[in-house]
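Spelled out from the first residue to the last, the chains are:
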Amino acid sequence: MARSYAIVFGGPSPEHEISILTGLQATRVLLEGGHTPIPIYVAPGGAWHQVPATSEAKDFLTGAPAGSKELDVVLSGQPGIYPKKGMSKKPLSIDAALLCFHGGIGEGGAGAAVFSLLGIPATGSTVFAGAVGMDKLAFGGLLHSAQIASLPREALSASTEPSFPGPYILKPRFGGSSIGIEIVDDIATARTLAKTSPHLAAGAVLEPYRPALVDLNMSFRTYPELELTDLERPLRGGEESAVYSYQEKYLAGGSGAGLTNAPREFPASAPEAIHQKARDLTRAVAELTRLTGIVRVDLLWDEASGDVFVNEVNTIPGALSLYLWAPQHPALKVLEDALTEAI
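What counts and what doesn't
Residues numbered from 1 in each chain as written. Predicted model: local features only at pLDDT ≥ 70, side-chain atom pairs only at ≥ 80, totals over all residues. Heavy atoms only, no water. Core = buried A, V, L, I, M, F, W, Y, C linked by side-chain atoms within 4.5 Å. Buried < 20%, exposed > 50% of the residue type's maximum accessible area, 1.4 Å probe, protein only. Helix = DSSP H or I, 4+ residues; strand = E, 2+ residues; numbered from the N terminus. Phe/Tyr/Trp six-rings, centres within 6.5 Å; stacked < 30°, edge-to-face > 60°. Lys NZ or Arg CZ within 6 Å of the ring centre and 35° of its normal. Axes fitted to C-alpha atoms, helices over the stretch in contact; angles between N-to-C directions. Parallel < 35°, antiparallel > 145°, perpendicular 65-115°, else oblique. Contact = heavy atoms within 4.5 Å. Nonpolar A, V, L, I, M, F, W, Y, C, P; charged D, E, K, R; others polar.

**Describing the nonpolar core**
Stage number 1. Val8, Ile40 and Ile81 are the most contacted members of the largest nonpolar core, which totals 40 residues.
Stage number 2. Among the secondary structure elements, those contributing two or more residues to this core are β1 (4-10), α1 (16-32), β2 (36-42), β6 (96-99), α2 (104-118), α8 (322-325) and α9 (331-342).
Stage number 3. Of all hydrophobic cores here, the second largest spans 24 residues; its members include Phe139, Leu231, Ala268 and Leu299.

**Here we look at the packing of aromatic side chains**
Stage number 1. Evaluated as defined, the whole model comprises five aromatic pairs.
Stage number 2. Measuring from ring centre to ring centre gives 6.2 Å for Trp48 and Phe115, while their planes differ by 35 degrees; the resulting arrangement is tilted. A residue pair is termed long-range when its members are at least 10 positions apart, and Trp48 in strand β3 (residues 48-50) and Phe115 in helix α2 qualify at 67 residues. Take Trp48 and Phe115: they sit in the same class, and that class is buried.
Stage number 3. These aromatic residues form a ring-pair network of at least three members: Phe9, Tyr41 and Phe60.
Stage number 4. The side chain of Arg221 reaches across the aromatic face of Trp325, ending 5.5 Å from its centre.

**Concerning the packing of α1 against α9**
Stage number 1. Running from N to C, α1 and α9 point in directions that differ by 95 degrees, and their axes come no closer than 9 Å. Taken together, the axis directions place α1 and α9 in an arrangement best described as roughly perpendicular. Along the contact surface, α1 presents Ala26, Val29 and Leu30, while α9 presents Ala331, Leu332, Leu335 and Leu339.
Stage number 2. For the contact of α1 with α9, the per-class residue count stands at seven nonpolar, no polar and no charged.

Shown next as structure tokens:
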């Protein structure tokens, strides 16, 4: 039976543009699958708009596309999402919402909170699980407490020295991407950058810089049961690429939504023991965090020692990791299952 699904994307985030691409991709999948998608674009300033279901990325270059309708989000009295103009005082009829926020408060639990207050089922995790996923220090501490393999991670302090020597990877404490990451030789440089970088203003974390580590990714979903994808190895931009950057992750390989066209090995060329370690770690993250929906776990592999570490978790991953699920399930099934789980 066809349902009316809201696809919600945009919002105040450094990853605003990637969220738009993910939202448009999901809209197209549901539209072609016979559903009635209701694309809702949240502008960086907070305004909500219902946009045409056939919108393209270029239509958002100057804001909400032509033909958009402004919306009011009402949380009290008769909660719902209402047309801002017109005679109708009825809220939009929405069976469930597919949240496509990336980074910022949308992915960090606020999207879940808003739709919980609206009484509209929404994909993704609880407010609390989403918030932990967006706090690198809290997530690292959670892994450490559960003895899940991960690299040391400590808050950058103006007065306390880190417990491990440099060089360091300096990361924004709050955020879901590689935006704002720096490699520094010493703690003094890290502290200077923390005072000048807008990405580090809300806090920063330090990790030991190990240039030989290889990036690996694996997605999991939690409905109709816990299921994992094959292991992916994203390809960095050569010897000079010290970390898997935002540009390589989201902008390489031509046009497309999120990571769809980025260079990769898939499945990753690695011994079966590495694939198994990745599966074990991904299952452990799913069980520990209670994250639900479609999630991506970012891992690191030391080819010399055979060690695999959990790096980060993406509670609402770019392109909803549909490209990782493609060998196992059509995109429509992955999205329908996530929405059914929400309902």
